[in-house]
Amino acid sequence: MPLDIDIDGASKTFITATDTHVHALEPVHLKIAPGEFLSLVGPSGCGKTTLLRMIAGLLDITSGTIRVGAQTVTQPDRRVSVVFQKPTLLPWRTILENCLLPNLIMHTRTPADARADAERLLGLTGLLAFRDRYPAELSGGMQQRAAIVRALVSQPEILLMDEPFSALDEFTRENLNEELSKIQARTKTTIVFVTHNIGEAVFLSHRVGVMAPRPGRLGALIDITGFPAERDAAIRKSPAYFAKIAETRAAFEALL
Ligand SMILES: Nc1ncnc2c1ncn2[C@@H]1O[C@H](COP(=O)(O)OP(=O)(O)OP(=O)(O)O)[C@@H](O)[C@H]1O
Ligand SMILES: [Mg+2]
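### A closer look at the overall build of the protein
A tally of regular secondary structure across the protein gives 7 helices and 10 strands. With the C-alpha coordinates aligned to their principal axes, the bounding extent of the protein is approximately 50 × 45 × 35 Å. Counting over 256 residues, the protein shows a buried share of 52%. A fraction of 67% describes how many contacts in the protein between residues 6 or more apart in sequence connect residues 24 or more apart. Carbon and sulfur atoms form 55% of the exposed surface of the protein, whose accessible area is close to 12100 Å². Distance between charge centres in the protein, computed from 28 positive and 28 negative side chains, equals 1 Å.

Here is the structure:
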């Protein structure tokens, strides 16, 4: 069952070792519907990762609350999977073993199902030939693709993705964008996706949240309507796509 996320005035102030207060994020009010694909765009340091980590239960919230489904977030939740900015694979396990690990712990699927899906996704991301290699034998971009496969194999109800494709070449990124859209449309997984790339956000999302720095805040929300649920390559050539990119860019510039 897809889950909703209710961010009710969640803010973050870091207190550093020298007792300085860093206001990373002003209170955010945002309701994300079950099955929604929401992207967050904004410049470096505007609090995107901070917000994602608070939703994931990996970072204390300074004020306000975040709810995932019926539960208030206080700790990591097994229904929620995270793809971090940098890949976090276990160095002593092969690529395929890394991808199967969450299912080994949570048993959400039969081992045969998980393995078949992992191999299909590794094929799709160009990694099948590397499934028995160790992470250190792969490039950074390849490791990141493996981390994405691992997150998808566990079939989470909520997927939080922090710039998952930023280390990839444009061609691979576009292919994975299309695949992610297809998976999201079919599984109705609720996804919060952080990116610097406005085109990628428009291509993938139902809504785009535009964030601004100093202080970090959510400044605008853009509805991305009029596209089919499963986005395909043709959208990137459509006037509606360019119009939404221009609208998002204008919202972004208005916040500077
Ligand atoms: N552990 C921490 N201690 C102190 N300040 C922090 C900490 N983590 C983040 N910050 C500060 O909080 C602000 C937001 O950081 P965050 O990592 O959320 O930004 P971001 O939008 O994800 O940036 P990027 O696009 O570069 O990944 C920044 O000013 C950062 O310096
Ligand atoms: Mg970040």
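### Some details on the coordination of the magnesium ion (ligand 2)
Bound to the magnesium ion (ligand 2) are the protein donor atoms Thr49 (OG1) and Gln85 (OE1), situated 2.0 to 2.7 Å from the metal. Highlighted residues: Thr49 in helix α1 (residues 48-55) and Gln85 in the loop between β6 (80-83) and α2 (95-106), separated in sequence by 36 residues. Thr49 sits in the partly exposed class, given a relative accessible area of 28%.

### Thoughts on the pairing of strand β3 (residues 37-41)
Taken across its 5 residues, β3 has 5 buried, putting it largely inside the fold. In this sheet, strand β8 (residues 190-195) lies alongside β3 in parallel orientation, the contact comprising 5 bridges. Residue pairing for β8: Ser39 is matched across the bridge by Phe193. Taken together, the 4 bridges between β3 and strand β9 (residues 207-212) define a ladder with parallel strand orientation. Bridge assignment links Val41 to a residue of β9, and that residue is Val210.

### Comments concerning the packing of aromatic side chains
For any two aromatic rings, the description comes down to two numbers: the centre-to-centre distance and the angle of the planes. Applying the stated criterion to the full structure yields 3 aromatic pairs. Ring centres 5.8 Å apart and planes at 45° place the aromatic pair Phe37 and Phe193 in the tilted group. In this pair, Phe37 sits in strand β3 while Phe193 sits in strand β8, placing the two residues 156 residues apart along the sequence. Considered together, Phe37 and Phe193 belong to a single accessibility category, that of buried residues. Look at Tyr241 and Phe242: their rings are 5.5 Å apart centre to centre, the planes differ by 65°, and that puts the pair in the edge-to-face class. For Phe242, a relative accessible area of 47% gives the class partly exposed. An aromatic cluster is built from Phe37, Phe165 and Phe193, whose rings are joined through pairwise contacts. In this structure, Lys12 is placed above the aromatic ring of Phe14, and the distance from its NZ or CZ to the ring centre is 5.2 Å.

### So, the nonpolar core
Counting residues in hydrophobic clusters, the biggest one holds 48 residues, and the most contacted among them are Met161, Leu180, Phe193 and Val210. A per-element tally of this core places helix α4 (residues 140-153) first, with 8 residues. A domain-level breakdown of this core finds at least three residues from each of domain 1 (1-79 + 160-256) and domain 2 (88-155). The contacts of Leu180, once residues within four sequence positions are left out, are Phe37, Leu152, Met161, Phe165, Ile191, Phe193 and Leu204.

### Regarding helix α3 (residues 111-124)
Since there are 3.6 residues in each turn of an α-helix, residues three or four apart along the chain are aligned in direction. Under the 1.5 Å per step criterion, the end-to-end length of α3 is 20 Å for 14 residues, consistent within 8% with the ideal 20 Å. Ala114, Asp117, Ala118, Leu121 and Leu122 are the residues of α3 that are buried. For α3, the arc enclosing every buried residue in end-on projection is 135°, short of the 170-degree limit, so these residues lie on one face. Tucked into the core, α3 has its buried residues touching α2, α4 and α5 (170-187).

### Section: the site of ligand 1
Around ligand 1, the structure places 13 residues, and the nearest of them are Ser44, Gly45, Lys48, Thr49 and Thr50. Interatomic distance of 3.0 Å between a side-chain N/O atom of Gln85 and an oxygen atom of ligand 1. For ligand 1, whose unbound accessible area comes to 640 Å², protein coverage reaches 63%. When residues of the shell around ligand 1 are assigned to their parent elements, the largest contribution, 3 residues, is made by α1. When grouped by side-chain class, the residues that make up the shell around ligand 1 number 4 nonpolar, 7 polar and 2 charged.

### A short note on the domain arrangement of the protein
Annotation of the protein at the domain level lists domain 1 (1-79 + 160-256) and domain 2 (88-155). The C-alpha-based centres of domain 1 and domain 2 are spaced at 24 Å. Contact with domain 1, which involves 12 residues of that partner, is made by 10 residues of domain 2. A per-residue breakdown of the area domain 1 buries against domain 2 is headed by Arg78, Leu176 and Glu179, which together make up 40% of the total.

Rules used in this analysis
Residues numbered from 1 in each chain as written. Chains lettered and ligands numbered in written order. Predicted model: local features only at pLDDT ≥ 70, side-chain atom pairs only at ≥ 80, totals over all residues. Heavy atoms only, no water. Helix = DSSP H or I, 4+ residues; strand = E, 2+ residues; numbered from the N terminus. Buried < 20%, exposed > 50% of the residue type's maximum accessible area, 1.4 Å probe, protein only. Contact = heavy atoms within 4.5 Å. Areas by Shrake-Rupley, 256 points an atom, 1.4 Å probe, with all protein chains shown as cover. Lys, Arg positive; Asp, Glu negative; His and termini not counted. Charge placed at Lys NZ, Arg CZ, Asp CG, Glu CD. Donors = N, O, S within 2.8 Å, 3.2 Å for Na, K, Ca; no water. Pairing = 2+ DSSP bridges. Phe/Tyr/Trp six-rings, centres within 6.5 Å; stacked < 30°, edge-to-face > 60°. Lys NZ or Arg CZ within 6 Å of the ring centre and 35° of its normal. Core = buried A, V, L, I, M, F, W, Y, C linked by side-chain atoms within 4.5 Å. Domains from an automatic or database assignment. Expected span 1.5 Å × (residues − 1). Arc of directions from axis to C-beta. Near = heavy atom within 4 Å. Polar contact = N/O pair within 3.5 Å; in protein donor to acceptor, adjacent residues only side chain to side chain. Nonpolar A, V, L, I, M, F, W, Y, C, P; charged D, E, K, R; others polar. Buried area = accessible area lost by both parts, 1.4 Å probe.

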